[in-house]
Amino acid sequence: MSIYTATTTAPVNIATLKYWGKRDKTLNLPTNSSISVTLSQDDLRTLTSVATSEKFNEDKLWLNGKEESLGSERTQNCLKDLRSLRKQLEDSDSNLPKISEFGLHIVSENNFPTAAGLASSAAGFSALVVAIAKLYKLPQSFSEISKIARKGSGSACRSLFGGYVAWEMGSEEDGSDSKAVEVAPVEHWSNIKAVILVVSADKKDTPSTSGMQTTVATSDLFQWRIKEVVPKRFEEMKKSIIEKNFPLFAELTMKDSNSFHATCLDSYPPIFYLNDTSKKIIKLVHAINDFYGETIAAYTFDAGPNAVIYYLEENESKLFSIIYKLFNKVEGWSSKYSSEQLGEFNQEFEN
Ligand code: DP6
């Protein structure tokens, strides 16, 4: 008896131009294109191993050490698509073992809190789909495979690529052109870094899927966002990445986070993802940029209160001097900036 196995890791991606709204719920087709930055595998990631054998007569999943149901329609859609691609291979080459008929055993582990607005479903579905595509030795490109991950969770399609990634919304009804593409590899602009300020690791109040349904159905602002704001911003943001223009990239990122949260507030009943600490972080980042007289940091928030702050590596000390001073005292950290300099910041910030 043979056992076939494959393992992969998939990183978290954080959108700088947000996906919020579906035009087709089953296929996860979005109402706008989006852009994200994929974080390093060393930080936040899902590790997934899959095994299949003729002895396995059903599909099983263990998530973070606990057996979970594989019954969700989304997961079933992904498994169905992957099996059907494998079956096509088996039908065209009789030497291939017919493993598409066997059960799959899937073991998956996150190294960060699940469902706390840290894009766990993105890394989770991306790792699931890539691990099975590897197991099945599928020849399709990552963009093609991203369409399957998209059916699991929309944002998952972007985690198949590293670096800077666009999810092109497409216009076909069957979703055949709604896929992730690389805008630029990580090496193109490797000195961008992200820090996550975990405001709360609790499960989010309103899951993204139901939150976006409410917004699509009730928000007037949302119509303006998808028709007028995002199409233009999508092109501008891609350009800012290609040209490595951090001030522009940062401004577009912050504006898009605010626009997304504004449509949440404009939903009926309203959806609140930001809390008072999140709002304090927003004010702080603007105050830091004002204090230094240049845009050195950009915040963005997903469907939760936790902040992701993008900055250039050379500005790390400038940024952290202030963050650590206000939020925490960190052992062993010494700032390049004097207490007097930072004291001035404190006074300005408090005012
Ligand atoms: C705010 O991809 O989690 O993080 O497709 O319903 O699974 P589903 O939603 P999901 O939504 C992500 C929303 C977001 C923005 C983004 O990542 O683009």
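Residues numbered from 1 in each chain as written. Predicted model: local features only at pLDDT ≥ 70, side-chain atom pairs only at ≥ 80, totals over all residues. Heavy atoms only, no water.

Draft legend 1. Examining the overall build of the protein more closely. A tally of helices and strands in the protein yields nine helices and 14 strands. Expected size for 351 residues packed as a compact globule is a radius of gyration near 20 Å; at 22 Å, the protein falls within 12% of this value. In terms of principal-axis extent, the alpha carbons of the protein reach across some 75 × 50 × 40 Å. Burial analysis of the protein (351 residues in total) assigns 51% to the buried set. Carbon together with sulfur atoms contributes 50% to the accessible area of the protein, which is approximately 16300 Å² in total. Averaging the locations of the 39 positively and 45 negatively charged side chains of the protein gives two centres separated by 2 Å. (Helix = DSSP H or I, 4+ residues; strand = E, 2+ residues; numbered from the N terminus. Rg over C-alpha atoms; globule rule 2.2 N^0.38 Å. Buried < 20%, exposed > 50% of the residue type's maximum accessible area, 1.4 Å probe, protein only. Areas by Shrake-Rupley, 256 points an atom, 1.4 Å probe, with all protein chains shown as cover. Lys, Arg positive; Asp, Glu negative; His and termini not counted. Charge placed at Lys NZ, Arg CZ, Asp CG, Glu CD.)

Draft legend 2. Expanded view of the pattern of salt bridges. Tallied over the full model, the rule gives 17 salt bridges. Ionic pairing is found between aspartate 91 and lysine 87, a salt bridge with its closest N-O pair at 3.2 Å. On the criterion of helical spacing, the pair formed by aspartate 91 and lysine 87 is a turn pair, its members being four residues apart in helix α1 (residues 73-92). Residue lysine 147 pairs with glutamate 144 through a salt bridge whose shortest N-O separation is 2.9 Å. Here the residue lysine 147 and the residue glutamate 144 both occupy positions in helix α3 (residues 142-152), the gap between them amounting to three residues, near one helical turn. The class of glutamate 144 is partly exposed, set by a relative accessible area of 36%. Residues participating in the shared-partner salt-bridge network are Arg225, Arg233 and Asp256. (Salt bridge = Lys/Arg side-chain N within 4 Å of Asp/Glu carboxyl O.)

Draft legend 3. Representation of the sheet that holds strand β12 (residues 192-197) in the model. The antiparallel open sheet is built from three strands, whose spatial order is β12-β14-β13. Because the sheet does not close on itself, it has two edges, and the strands there are β12 and β13 (297-301). Going from strand to strand, the sheet's axes swing by 25° on average, the running direction of each strand aside. Pairing between β12 and strand β14 (residues 307-312): six bridges, direction antiparallel. Each bridged residue has a counterpart across the sheet, and for alanine 194 the counterpart in β14 is tyrosine 310. Against the sheet, helix α6 (residues 246-265) makes contact with β12, β13 and β14, and its axis sits at roughly 25° relative to β13, the strand it touches most. Across the sheet, helix α7 (residues 276-292) is in contact with β12, β13 and β14; its angle to β13 comes to roughly 160°. (Pairing = 2+ DSSP bridges. Axes fitted to C-alpha atoms, helices over the stretch in contact; angles between N-to-C directions. Contact = heavy atoms within 4.5 Å.)

Draft legend 4. Region of the structure containing the packing of α1 against α3. The contact between α1 and α3 brings their axes to 7 Å, and the two run at 155°. Considering the angle they form, α1 stands roughly antiparallel to α3. For the pair α1 and α3, contact is made by Arg74, Cys78, Asp81, Leu82 and Leu85 and by Ile148, Lys151 and Gly152, respectively. Taken together, the residues of the contact of α1 with α3 break down into four nonpolar, one polar and three charged. (Parallel < 35°, antiparallel > 145°, perpendicular 65-115°, else oblique. Nonpolar A, V, L, I, M, F, W, Y, C, P; charged D, E, K, R; others polar.)

Draft legend 5. Layout of the layout of surface pockets. Within this model, the second largest pocket holds a volume of roughly 530 Å³. Forming the boundary of the second largest pocket are 30 residues, of which Thr38, Leu39, Ser40, Gln41 and Val186 lie nearest the centre. Listing elements by their share of the lining of the second largest pocket, those giving two or more residues are β1 (3-11), β5 (34-38), α2 (120-135) and β12. For the lining of the second largest pocket, the element with the highest residue contribution is β12, accounting for five residues. Across the lining of the second largest pocket, the residue classes tally to 18 nonpolar, ten polar and two charged. (1 Å grid on protein atoms, 1.4 Å probe; cavity = no way out; pocket = protein on both sides within 12 Å on 5 of 7 lines; lining within 4 Å. Points joined across faces, edges and corners; volume = space filled by probe spheres on them.)

Draft legend 6. Representation of the sheet that holds β1. Spatially, β1-β6-β9-β7-β8 is the arrangement adopted by the five strands of the open sheet, whose pairing is mixed. At either end of the open sheet lies a strand with only one pairing partner, and these are β1 and β8 (66-68). Taken pair by pair, the neighbouring strands of this sheet meet at an average axis angle of 20°, ignoring direction.

Draft legend 7. How the structure looks around the confidence of the model for the protein. Residues of the protein with pLDDT of at least 70 account for 92%, and the chain-wide mean is 92. Model confidence for the complex: the whole-complex pTM is 0.93, and ipTM, which rates the interface, is 0.99. (pLDDT = per-residue confidence, 0-100.)

Draft legend 8. Geometry of the site of the ligand. What surrounds the ligand is a group of 18 residues, the closest being Tyr19, Lys22, Ser153, Ser155 and Thr209. The separation between an oxygen atom of the ligand and a polar side-chain atom of arginine 158 is 2.8 Å. In the complex, 95% of the free accessible area of the ligand, which totals 460 Å², lies under the protein chains. Sort the elements by how many residues they give to the shell around the ligand and helix α4 (residues 208-218) lands first, with three residues. (Near = heavy atom within 4 Å. Polar contact = N/O pair within 3.5 Å; in protein donor to acceptor, adjacent residues only side chain to side chain.)

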